[in-house]
Amino acid sequence: MSLDAVRAHADSRKLELPRHAKLLCRELRNMLIAASDAGTLSTSHNEVYGLVRVLREPPPVVAEQLRARSIAGNACCVVGGEKNQDREHVVAHLKRNDDAWFDFTITVREHARELELLAYNFEIRFPSAMGTPFLRFDYNLPGHENELRSHLHAGSDDVYMPAPMMSPAELITLFTEHLRRPANREKWRDPTPFEIEWFRTTHEELAARGSRAHDL
Amino acid sequence: MTEAIGVGELEAGPFALRMNALRGTATYAAYLAAADDVDLALTEIEEELRGFDPGAQIMRISPPDTKELVATLAAESHEILLIDAKSFSTDDWAVLDRRRSAIAHRGVTVFVTTRPSFDDLMRTAPNLASWLGGQVFMFPSHGETGVAAHREQRLAALRAWASRSDQEIVEAAHSGTLPPDPEYAEWLVLLGHGELLDTRTP
């Protein structure tokens, strides 16, 4: 049984994107400012302006690069927060009012009249007892046919599952308004004995491996 | 004589956010830019303002002198007025200072001009200068210094994460063996090799 149909479904959405990277950046920034005004984001306006920006390619240093770029068009990144592969809380990020925190990177190519989405990763990390340590929505570069280009890492860098390709604006909406305790629940559900035992044995195994988790 | 010293830089986005928050009040502001950047600054402020509220009543004008500005303002009013004032001379600012009651209105008025023109304003239009108060900012020059540092910081994080060098990444992209993870797309862009994003597909 192949996952081809699932993969095709996940990647087949036609997204509506702003026409330029600058407009995409502005759209996301204004959504985050609105979330800050609404109280769902605790990051201030000024911090949003500092964290969400367009990073263009540096000027070409050789003629070959310049020629290649003029053929391929302009690629650039729209970033929110600093690069944080180790998930260190001290690295600048966007923060929700419930202490969940996130960052993102979107790689696009600007064509004359449209923006092409090449890749993204949006990762949100949760406070303890929120069920999972992090969620990361990845949209990979086009690769081998059997790869899930659009996928979700649910608390594991190694395990992932199909996820629909989403627009950056949809992902910001997901991160700021959703992925929270359901409004009709006064508190989080209690973990089952299975989960409690799973967390306990995971901690023991990490400690035995000398993981940094043992020191926390 | 008053000189315009110590004007802080503020990107068009946060400047527009500030002006948007002051809608409905009688606010006067100045936004300084290099002569070649005045049009860009005006465009960016206007676009940012429309991003906050597409229905905002924004008027952008480029009067050749302050007499025409006064005539225009007498004829119509808008919530936010963006004035290309880069051509205003000492005499223009002096006229505007004397006829300041003619431009007084409930709304946000932004003079986008050059530093020399603003210095003229400070010397010859003390009343108008007092209206501006602290609402005077400088459009940042779009140099590469800050961007280059930010780019290098992200590249350092990517190298540490993958334990690979920039050269290895470029070679892998050339040979079509670069992994498809989004981090590698960013890596190539930050290196100025966005053209290789299209060659990595087998």
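Notes on the structure in this doc start here.

Reading the values: rules and limits
Residues numbered from 1 in each chain as written. Chains lettered and ligands numbered in written order. Predicted model: local features only at pLDDT ≥ 70, side-chain atom pairs only at ≥ 80, totals over all residues. Helix = DSSP H or I, 4+ residues; strand = E, 2+ residues; numbered from the N terminus. Buried ≥ 20, exposed ≤ 12 C-beta atoms within 10 Å, placed from the backbone. Contact = placed C-beta atoms within 7 Å. Pairing = 2+ DSSP bridges. Axes fitted to C-alpha atoms, helices over the stretch in contact; angles between N-to-C directions.

Broken down by element type, chain A carries six helices and eight strands. Counted from the first residue to the last, chain A has its helices and strands arranged as α-α-α-β-α-β-β-β-β-β-β-β-α-α. Along the first, second and third principal axes, the C-alpha set of chain A runs to 60 × 50 × 35 Å. In chain A, which comprises 216 residues, the share counted as buried stands at 29%. Considering only contacts within chain A whose residues lie at least 6 apart along the sequence, 49% involve residues at least 24 apart.

Relative to the elements of secondary structure, E11(B) occurs in the segment before α1 (12-21). Dropping the residues within four chain positions of it, E11(B) is found in contact with Y49(A) and P140(B).

All names here are of chain B. With respect to topology, five strands assemble into an open sheet ordered β2-β3-β4-β1-β5, the strand pairing being parallel. Only two strands of the sheet have a single neighbouring strand rather than two, namely β2 (58-61) and β5 (136-138). Pairs of neighbouring strands in the sheet enclose a mean axial angle of 20°, with direction left out of account. Pairing geometry for strand β1 (residues 27-32) and strand β4 (residues 108-113), over six bridges, is parallel. Each residue of the ladder has a partner; that of L32, found in β4, is T113.

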